[in-house]
Amino acid sequence: MNRLEKILPERVRAATAALEGLGADAMLIAKPENVVYLSDFKSSNCYLLITSGESYIITDFRYIEAAQSNKAGLVPVSTGRDFTLFDAISKTGVKMLAIEEEYVTYGFYKELSVKFNGSLKSADGIIEGLRIIKDDYEKDCIRIAESIGDKAFTHMLEFLKVGMTEKEAALELEFAMRNLGAEGLSFDSIVASGTNSSMPHAIPGNRRFEPGDFLTMDFGCKYLGYCSDMTRTIAFGEPVKEQIDIYNIVKEAQQKSLETVCAGKNASDIDRTARDIIKYYGYSECFGHGLGHGVGLEIHEAPTLNPSGREILKAGMTVTIEPGIYLPGKFGVRIEDLLIVNENGYEVLSSSQKDLLII
Ligand SMILES: [Mn+2]
């Protein structure tokens, strides 16, 4: 038996159990990652209708054959011109329907309001709340995705040369990850060199690597739908003292805050550990983003590690730890690992070295 065949019906049961707390008799799932989480069904048109009785997978002619063999125990419903999603909802006799209000469009809401004869409420955060704790299957997928990133990084250390452009490096990084078994990228790779590296989310351009450059690569791939995420900053040729000093501050902030990760810890306390170290050295203004985020079917998901993060870490959550210092017009440094939170601490999934690499 495929591992998912056992897990998917359990996830649907957990979603059904959440209906009672929500005070709704059905929940319409439209957000693709939530659909995939509950059904492993990937398409460009699919809704799940979770009810306390039967639950349904609603799609059109193009996907109905695949939907009929879903492993989640969902009843397939085919929609078309004569029988729409709204007809399918009405047919179940649902009175109080919960929808993902942060996801559905205003147009969808307007049409639903006209065609559905019951009340609506928000289902926001319900499926995300289930997704925040990763089961063993998900942990394995994320471990494999991150190890592909590590191998691709090792490959890049051989490949990168002065004179190449950021775009060429980004293309090679993508090629390497896909060649190593990734389905695709978890986000557009960030390859930022020299003065561009002071922009945390720089877009790879035509700048050519020069001796003395710092190069920040922030990248990840997908494996069986699950994302990876890692960042390393390396140097082309001997760096100057300021570069080495900044690198070591970021490395210290990254390592010390990473070591505080443990079930029961406050998300904001972990952020503060890194922020205080960077502040101590006088660079608090140069670390303007949060320390980290959860990673799963989405590249950015709960929990959020930043100064206002209220979540308490639990075993099975994933978090990135990615402090940085950015000096506008000069250079930037960011180091990022992906961790799984354990009862007694953490498991670091990224294994690439964090001492400054000079190529
Ligand atoms: Mn990240």
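What counts, and where the lines are drawn
- Residues numbered from 1 in each chain as written.
- Predicted model: local features only at pLDDT ≥ 70, side-chain atom pairs only at ≥ 80, totals over all residues.
- Heavy atoms only, no water.
- Phe/Tyr/Trp six-rings, centres within 6.5 Å; stacked < 30°, edge-to-face > 60°.
- Helix = DSSP H or I, 4+ residues; strand = E, 2+ residues; numbered from the N terminus.
- Buried < 20%, exposed > 50% of the residue type's maximum accessible area, 1.4 Å probe, protein only.
- Lys NZ or Arg CZ within 6 Å of the ring centre and 35° of its normal.
- Donors = N, O, S within 2.8 Å, 3.2 Å for Na, K, Ca; no water.
- Pairing = 2+ DSSP bridges.
- Axes fitted to C-alpha atoms, helices over the stretch in contact; angles between N-to-C directions.
- Salt bridge = Lys/Arg side-chain N within 4 Å of Asp/Glu carboxyl O.
- Domains from an automatic or database assignment.
- Contact = heavy atoms within 4.5 Å.
- Buried area = accessible area lost by both parts, 1.4 Å probe.
- Polar contact = N/O pair within 3.5 Å; in protein donor to acceptor, adjacent residues only side chain to side chain.

Caption draft 1: Spotlight on the packing of aromatic side chains. Going through the model one piece at a time under the given rule, you end up with eight aromatic pairs. Ring geometry for Tyr106 versus Tyr109: centroids 6.4 Å apart, planes at 25 degrees, classification stacked. Here the residue Tyr106 and the residue Tyr109 both occupy positions in helix H5 (residues 106-115), the gap between them amounting to three residues, near one helical turn. Measuring from centroid to centroid gives 4.9 Å for Phe209 and Phe236, while their planes differ by 20 degrees, and the two rings are stacked. Here Phe236 lies in the loop between strand E12 (230-235) and helix H9 (241-258) and Phe209 lies in the loop between strand E8 (190-193) and strand E9 (214-219), a separation of 27 residues in the sequence. With respect to class, Phe209 is no different from Phe236; both count as buried. Taken together through their ring pairs, the aromatic side chains of Tyr47, Phe86 and Phe108 make up a single cluster. In this structure, Arg275 is placed above the aromatic ring of Phe287, and the distance from its NZ or CZ to the ring centre is 4.0 Å.

Caption draft 2: The arrangement of the coordination of the manganese ion in detail. Protein-derived coordination of the manganese ion comes from Asp229 (OD), His293 (NE2), Glu322 (OE) and Glu336 (OE), at a distance range of 2.1 to 2.3 Å. Taken in chain order, the donor set of the manganese ion reads D-x63-H-x28-E-x13-E. Of the two residues, His293 is situated in strand E13 (residues 292-294) and Glu336 in the loop between strand E17 (331-334) and strand E18 (337-341); the sequence distance between them amounts to 43 residues. Given the relative accessible area of 0%, Glu336 is considered buried.

Caption draft 3: The arrangement of the sheet that holds strand E2 (residues 46-51) in detail. With respect to topology, six strands assemble into an open sheet ordered E4-E3-E2-E1-E5-E6, the strand pairing being mixed. The open sheet has two edge strands with one neighbour each: strand E4 (75-79) and strand E6 (119-122). Strand-to-strand twist in this sheet, taken as the mean axis angle between neighbours without regard to direction, amounts to 25 degrees. With three bridges joining them, strand E1 (residues 26-29) and strand E5 (residues 96-99) adopt parallel strand pairing. Residue pairing for E5: Leu28 is matched across the bridge by Ile99.

Caption draft 4: Quick look at the pattern of salt bridges. Across all of its chains, the model carries 28 salt bridges by this definition. A salt bridge links Glu138 to Arg11; the nearest nitrogen and oxygen atoms lie 3.8 Å apart. Note that Glu138 is positioned in helix H7 (residues 136-159) and Arg11 in helix H1 (residues 3-22), a separation of 127 residues in sequence. Judged on exposure class, the residue Glu138 and its partner Arg11 are both buried. The closest approach of N and O atoms between Glu128 and Lys31, which form a salt bridge, is 2.9 Å. Of the two residues, Glu128 is situated in helix H6 (residues 126-131) and Lys31 in the loop between E1 and helix H2 (32-39); the sequence distance between them amounts to 97 residues.

Caption draft 5: Inspection of the sheet that holds strand E15 (residues 318-321) at higher detail. Pairing within the open sheet is antiparallel, and its three strands lie in the order E15-E18-E19. Two strands bound the open sheet, and with one partner strand each, they are E15 and strand E19 (346-348). With strand direction ignored, the average angle separating the axes of adjacent strands in the sheet is 30 degrees. Pairing geometry for E15 and E18, over four bridges, is antiparallel. Directly across from Thr318, in E18, lies its bridge partner Ile340.

Caption draft 6: Highlighting the domain arrangement of the chain. One can read the domain layout of the chain as domain 1 (3-131) and domain 2 (136-348). For domain 1 and domain 2, the distance between their C-alpha centroids amounts to 35 Å. Contacts between domain 1 and domain 2 engage nine residues on the former and eight residues on the latter. Buried area between domain 1 and domain 2, both sides added, is near 820 Å², and the carbon and sulfur share of it is 51%. Together, Arg3, Glu33 and Arg131 form the three largest contributors to the area buried by domain 1 at its contact with domain 2, with a combined 54%. Inspection of the domain 1/domain 2 interface yields five salt bridges. Taken together, the links from domain 1 to domain 2 amount to four residue pairs in polar contact (both at pLDDT 80 or more). Looking at the side of domain 1 that touches domain 2, the elements with two or more residues in it are H1 and H2. Looking at the side of domain 1 that touches domain 2, the element that brings in the most residues is H1, giving four residues.

Caption draft 7: Molecular detail of the side chain of Arg131. Among the structural elements, Arg131 can be located in helix H6. Among the polar contacts made by the side chain of Arg131, one reaches the side chain of Glu301 at a distance of 2.8 Å. Ignoring anything within four residues of it in the chain, the contact list for Arg131 reads Lys31, Glu33, Asn34, Tyr37, Leu297, Glu298 and Glu301.

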